[in-house]
Amino acid sequence: MIFSKRLFWLSAASLLLTAAAPAGASELRFSPADTMITSFDVFPVHVAVDAIAGIMGYNITATITGDPCVQVQDVVEGGLPGSDGDPTFFRWLNPGDAGAVTVNGSVLGTTVDGPGILFTIYLKALCPGTAWVDFGYSDLRNGVNVSIPHECAGPARIVIDEVIPVDESSWGAVKSLFRATR
């Protein structure tokens, strides 16, 4: 009898502690979080959510700071909003703004659950330097237009390194130059 009472209280305490423990934080993040580019090409930075459930809408501003070594080329909707087959609304609100990207998006009909990509920012590397992409503002909303609590991960670091010149000569051309000098 004493053993069963102890077991009961031990089980009850364990249940209370488990219920009081905080769940893993829902997070909005950049992917990749650290990028090194060695050519002056266009490359993606995804805005993604982890295990956030019930997303119907979002308003997000990503700021771009640091060296002026990147330029926004395009912003496109990611795969998560339309993943259930419902139509979506997506608007890049400030094209031409060199310092920020502001996006408004929504699922028209139901909600979607993360993880997944909400949208992608395409940047062009302009010159060597280091730029940072960070969250200036974020609001994720559920199916009744109530904000969903979430954390924002740290900024994405983008390093544009010196472009290494490559000689376009073929091995045959190099051999013929060598033979011509003999």
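These numbers were taken from a predicted model, which means no experiment stands behind them.

Rules and cut-offs
Residues numbered from 1 in each chain as written. Predicted model: local features only at pLDDT ≥ 70, side-chain atom pairs only at ≥ 80, totals over all residues. Heavy atoms only, no water. Pairing = 2+ DSSP bridges. Helix = DSSP H or I, 4+ residues; strand = E, 2+ residues; numbered from the N terminus. Axes fitted to C-alpha atoms, helices over the stretch in contact; angles between N-to-C directions. pLDDT = per-residue confidence, 0-100. Contact = heavy atoms within 4.5 Å. Salt bridge = Lys/Arg side-chain N within 4 Å of Asp/Glu carboxyl O. Buried < 20%, exposed > 50% of the residue type's maximum accessible area, 1.4 Å probe, protein only. Core = buried A, V, L, I, M, F, W, Y, C linked by side-chain atoms within 4.5 Å.

Caption draft 1: Structural context of the sheet that holds strand β9 (residues 129–141). Reading across the sheet, the six strands line up as β2-β11-β9-β4-β7-β6 and stay open at both edges, with mixed pairing between neighbours. Two strands bound the open sheet, and with one partner strand each, they are β2 (34–37) and β6 (88–92). Across the sheet, the mean angle separating the axes of adjacent strands is 15 degrees when strand polarity is ignored. In this structure, β6 lies alongside strand β7 (residues 100–107), joined through five bridges in antiparallel fashion.

Caption draft 2: Looking closely at the confidence of the model for the chain. Residues with a pLDDT of 70 or more make up 75% of the chain, whose mean pLDDT is 85. Of the regions scoring below 50 in pLDDT, residues 3–24 engages in zero contacts with residues more than four places distant in sequence or in other chains.

Caption draft 3: Here's a closer look at the pattern of salt bridges. Under the definition given, this model contains three salt bridges. In this structure, Arg 29 and Asp 50 form a salt bridge, with 2.6 Å as the shortest nitrogen-oxygen distance. Placement of Arg 29 in strand β1 (residues 27–31) and of Asp 50 in the loop between β3 (42–49) and β4 (57–66) is noted, with a sequence separation of 21 residues between them. Given the relative accessible area of 22%, Asp 50 is considered partly exposed. In this structure, Asp 139 and Arg 141 form a salt bridge, with 3.7 Å as the shortest nitrogen-oxygen distance.

Caption draft 4: Structural view of the environment of Asn 142. Relative to the helices and strands, Asn 142 resides in the loop between β9 and β10 (151–152). Classification of Asn 142 as partly exposed rests on a relative accessible area of 24%. Each C-alpha atom, one on Asn 142 and one on Val 112, is 9.1 Å from the other, the two residues being 30 residues apart in sequence. Every residue in contact with Asn 142, bar those within four places of it in the chain, is listed here: Gly 54, Met 56 and Ile 148.

Caption draft 5: Highlighting the sheet that holds β3. Across the sheet, which stays open at both edges, the five strands sit in the order β5-β8-β3-β1-β10 with mixed pairing between neighbours. In this open sheet, the two edge strands, each paired with only one partner strand, are β5 (70–77) and β10. Strand direction decides the pairing type here: β5 and strand β8 (residues 116–125), joined by seven bridges, are antiparallel. Looking across to β8, one finds that Val 72 is bridged to Leu 123.

Caption draft 6: Seen up close, the nonpolar core. Ranked by size, the top nonpolar core spans 36 residues in total, and within it Phe 43, Ile 60, Val 70, Leu 118, Phe 119 and Leu 123 carry the most contacts. Secondary structure elements with two or more residues in this core: β1, β3, β4, β5, β7, β8, β9 and β11 (156–160).

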